[in-house]
Amino acid sequence: MVEKTKMLHPYYNFDRIYSYGAFLNVVVGARGLGKTYGKKIRDLKRAIRYGEEWIYLRRYKEDMASAKANYFNDVDPEEFPDYDMRVNGNVAEYAPKATRTDKKRIWTTMGYFVVLSQAQSKKSVSYHKVRSITYDEFIIEGGNLQYLRDEVTVLLNFYATVDRWKDKTKLFLFANSVSIANPFFLRWNIDPNEGEWVVRRNAKNTRNTIVVHFAKSEDFIASVMQTDFGEFIEGSEYAKYAVGNEFADNHDNLLRIKPELAKYLFTLHTRQGTFSVWTMYGLGDYYIQSKLPKSQILQYVMDSSMHKEGRILLRYGDVQLRVLRSAFDRAQMYFDTASARNAMLEIFDRK
């Protein structure tokens, strides 16, 4: 029997993504790539050396319970040989090991554990020392979990509460490559087909605002494939997603740019994004496009919270949506992007 060469799985290096200077940073990579661990180590070091504080953010309290309880379990003791660390309620603290015998040991706050669904209650809390927020597992991996109502806005509101318009805080979002049909990619028009690095600049084109890294590490893949489980899944669809960082819903089915003769019908505002709807009369084909025309005379909205003057509230049983759903069922509906297709699929699946 040939003995395998044991490799230490490398963890994600944040030097390049920090170099862009964006306030919003997104890292999507294979399961086990070390995104969360690498950020954790960086945050802990800066807390001890510079007194910077951080926030670890999860969507629901159930998500946070296990993450918080085990937060320091995977930290290599050799990284911080002179310090003890603990979770005290919703606060992370550290103290020098040399103070273990002190009658009244002093613990220093270095981080906070916050649940996004409860973040509205944190408006009066001062986070003036916080320099980094990490929102972990921002893309839901199936099951019964759901995104928060208007989750992108909820997250940005919490960021504003922490940063207080001072440009002092970096926001990081981490996830595995689960689905491109998530509210963050849709709201910010993020497409993994743009390349490994996606950069968005502000309206004045003076600075980077969003940086997205679809991380692929050959070293990590090689390391994983030397394990027994890696050999077992090699070449499978699961390996493409879990190790190769490929989105299962990022394919070309029903993708087609609308013909020049297609007629604009209306604009549809949804929680998954805003789309223009076009048709080829006589053929029964419909086109859902992320690109909007300059003139949008007729606008429908599918969420009452997005309703405002100039828009018509569209119910799921209304004829406009029934016609679109019928075209989709007949595979006579086409999309300019995979994100648009997946967003509409999510809408049609609700009824």
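Keep in mind that what you see is a predicted model, and the values were worked out from it rather than measured.

Analysis parameters
Residues numbered from 1 in each chain as written. Predicted model: local features only at pLDDT ≥ 70, side-chain atom pairs only at ≥ 80, totals over all residues. Heavy atoms only, no water. Helix = DSSP H or I, 4+ residues; strand = E, 2+ residues; numbered from the N terminus. Buried < 20%, exposed > 50% of the residue type's maximum accessible area, 1.4 Å probe, protein only. Contact = heavy atoms within 4.5 Å. Pairing = 2+ DSSP bridges. Axes fitted to C-alpha atoms, helices over the stretch in contact; angles between N-to-C directions. Phe/Tyr/Trp six-rings, centres within 6.5 Å; stacked < 30°, edge-to-face > 60°. Lys NZ or Arg CZ within 6 Å of the ring centre and 35° of its normal. Salt bridge = Lys/Arg side-chain N within 4 Å of Asp/Glu carboxyl O. Arc of directions from axis to C-beta.

Attention now goes to the overall build of the protein chain. Within the protein chain, the secondary structure is distributed over 10 helices and 15 strands. Relative to its 351 residues, the protein chain shows a buried fraction of 47%. Put simply, of all contacts in the protein chain between residues at least 6 apart along the chain, 65% involve residues at least 24 apart.

Spatial strand order, E3-E4-E5-E2-E6-E7-E1-E9-E8: nine strands in an open sheet with mixed pairing. At either margin of the open sheet sits one strand with a lone partner, and together these are strand E3 (83-88) and strand E8 (197-201). Each strand axis lies, on average, 15 degrees off the axis of its neighbour in the sheet, ignoring direction. The pairing of strand E1 (residues 24-29) with strand E9 (residues 208-215) spans six bridges and is parallel. Bridged to Val 27 within E9 is His 213. Sitting on the sheet, helix H3 (residues 61-69) touches strand E2 (53-58), E3 and strand E5 (108-115), and the angle it makes with E2 is about 130 degrees.

Let us look at the packing of aromatic side chains. One pass over the structure, following the stated rule, counts 25 aromatic pairs. Between Phe 14 and Phe 172, the aromatic rings sit 5.9 Å apart at their centres with planes inclined by 80 degrees, giving edge-to-face as the arrangement. Of the two residues, Phe 14 sits in the segment before helix H1 (15-19) while Phe 172 sits in strand E7 (residues 170-175), which places them 158 residues apart along the sequence. Each member of the pair, Phe 14 as well as Phe 172, carries the same accessibility label: buried. Considering the side-chain rings of Tyr 18 and Phe 172, the 5.2 Å spacing of their centres and the 45 degrees angle between planes classify their relative orientation as tilted. Of this pair, Tyr 18 sits in helix H1 while Phe 172 sits in strand E7; the two residues are 154 residues apart in sequence, bridging distant segments of the chain. Judged by relative accessible area, which is 23%, Tyr 18 ranks as partly exposed. Three or more aromatic residues link up through ring pairs in this structure, and these residues are Tyr 135, Phe 138, Phe 184, Phe 185, Trp 188 and Phe 214. If you follow Arg 86 out to its NZ or CZ, it ends over the ring of Trp 107, 4.2 Å from the centre.

Right, let's talk about the environment of Thr 108 for a bit. By the element assignment, Thr 108 lies in strand E5. Separated by 60 residues in sequence, Thr 108 and Ile 48 place their C-alpha atoms 9.1 Å apart. Not counting residues within four places of it along the chain, the set of residues in contact with Thr 108 comprises Ala 92, Glu 93 and Tyr 94.

For a regular strand, side chains alternate in direction, first toward one face of the sheet and then toward the other. Burial analysis of E7 places five of its six residues in the buried class, the great majority of the element. Here strand E6 (residues 130-136) pairs with E7 via five bridges, running parallel. Residue pairing for E7: Thr 134 is matched across the bridge by Phe 172.

Looking now at the pattern of salt bridges. This model, assessed by the stated rule, comprises 14 salt bridges. Close ionic contact of Lys 39 with Asp 43 constitutes a salt bridge, the shortest N to O distance being 2.9 Å. Taken together, the positions of Lys 39 and Asp 43, both in helix H2 (residues 35-50) and four residues apart, correspond to about one turn of that helix. Asp 43 gets classed as buried once you look at its relative accessible area, which sits at 8%. Through salt bridges that share partners, Asp 84, Arg 100 and Arg 105 make up one connected network.

If you check which residues of H3 are buried, you get Asp 63, Met 64, Ala 67 and Lys 68. Axial view of H3: buried residues confined to an arc of 110 degrees, hence all on one face. More than 90 degrees from the buried face of H3, the exposed residues found are Glu 62 and Ala 69. Lining the buried residues of H3 we find E2, E3 and E5.

The quantities given are spatial measurements derived from coordinates; they are silent on function.
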